[in-house]
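A closer look at the structure
Spelled out from the first residue to the last, the chains are:
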Amino acid sequence: MRERRVAQGAGRAQEFEAFVAGAAGRLLLAATLLTAEAPDANPRARRLLTLALGHTYARWHRLRGEDPYDCARQYLAVRFARTIWHRHRLLGRERPAPRGPLARLDPQERLVLVLRLYEGVAEEQTAALLGLTADRVHTVCDRATSLVLHPVRAAGPRTVNAKVAPS
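In the nomenclature of an unreviewed UniProt entry, the chain is known as Sigma factor-like helix-turn-helix DNA-binding protein of Streptomyces graminearus.

Details of empty space enclosed by the protein
Tallied over the full model, the rule gives one cavity of 30 Å³ or more. Its boundaries defined by the atoms lining it, the largest cavity holds a volume of some 40 Å³. Forming the walls of the largest cavity are A30, L34, R73, L76, A77, L111, V114, L115 and E119. Looking at the lining of the largest cavity, the elements that each hand over two or more residues are α1 (2-35), α3 (68-89) and α4 (107-118). Residue composition of the lining of the largest cavity, grouped by class: seven nonpolar, no polar and two charged.

Quick look at the side chain of R110
Mapped onto the elements of the fold, R110 is located in helix α4. No salt bridge is formed by the buried R110; the nearest opposite charge belongs to D106, separated by 6.9 Å. Contact partners of R110, with chain neighbours within four places excluded, come to L33, L34, T35, A36, F80, L102, A103 and L105.

Regarding the nonpolar core
Of all hydrophobic cores here, the largest spans 37 residues; its most connected members are F19, L27 and L76. For this core, the secondary-structure elements that each account for two or more residues are α1, α2 (43-58), α3, α4 and α6 (134-149).

Considering the packing of aromatic side chains
Following the criterion strictly, the structure yields four aromatic pairs and no others. Summarising the aromatic geometry, the rings of F16 and F19 are spaced 6.0 Å apart at their centres and angled 45 degrees between planes, so their arrangement reads as tilted. Remark: F19 and F16 occur in helix α1; sequence separation between them is three residues, near one turn of the helix. On the basis of relative accessible area, F16 is assigned to the buried category, the value being 12%. When its relative accessible area of 12% is taken as the criterion, F19 is described as buried. Geometrically, the ring pair formed by F19 and W60 is tilted, given 5.5 Å between the ring centres and 45 degrees between the ring planes. On the criterion of sequence distance, the pair formed by F19 in helix α1 and W60 in the loop between α2 and α3 is long-range, its members being 41 residues apart. The pair F19 / W60 is uniform in exposure class, with both members buried. One aromatic cluster is present, built from ring pairs that chain together F16, F19, Y57 and W60. Looking at R12, its charged tip hangs above the ring of Y57, at a distance of 4.5 Å from the centre. Directly above the aromatic system of Y118 lies the positively charged group of R26, at a separation of 4.6 Å from the ring centroid.

Parameters and conventions
Residues numbered from 1 in each chain as written. Predicted model: local features only at pLDDT ≥ 70, side-chain atom pairs only at ≥ 80, totals over all residues. Heavy atoms only, no water. 1 Å grid on protein atoms, 1.4 Å probe; cavity = no way out; pocket = protein on both sides within 12 Å on 5 of 7 lines; lining within 4 Å. Points joined across faces, edges and corners; volume = space filled by probe spheres on them. Helix = DSSP H or I, 4+ residues; strand = E, 2+ residues; numbered from the N terminus. Nonpolar A, V, L, I, M, F, W, Y, C, P; charged D, E, K, R; others polar. Buried < 20%, exposed > 50% of the residue type's maximum accessible area, 1.4 Å probe, protein only. Lys, Arg positive; Asp, Glu negative; His and termini not counted. Salt bridge = Lys/Arg side-chain N within 4 Å of Asp/Glu carboxyl O. Contact = heavy atoms within 4.5 Å. Core = buried A, V, L, I, M, F, W, Y, C linked by side-chain atoms within 4.5 Å. Phe/Tyr/Trp six-rings, centres within 6.5 Å; stacked < 30°, edge-to-face > 60°. Lys NZ or Arg CZ within 6 Å of the ring centre and 35° of its normal.

As structure tokens, this is what we get:
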């Protein structure tokens, strides 16, 4: 009986290792986009990924018939949203300015954009996951896409054509 349980545990570990080998890169990129960190310096994204994979491993034996990638992605998104909500509620905890490609977006816009466009999650599923209406998800996604495609240019120094008074 004990040998059978050990063999099942070893098989479970091998299945999970195969899942991580195939999914960790994509999940890390999604986490990096969410945190708006640079791809080469992303400690918060790596922490999010570790937590998501740990959660998925803890539920691995109960995922029969479910996609483990969906489980990990859902946990990643919910954990990011919860972390951002708590960070905004706690004053005085400043983080370094984000430097990633989605840095100019606010966290909700990044989350919706990553789920909808990078991960390909349907509008209704994104709305259910985030507790928003489908119309709100659509609006946020459109606004975020517009900001990424057509960034607002910073106002530089203006040159004013001043009339020179005759001397």
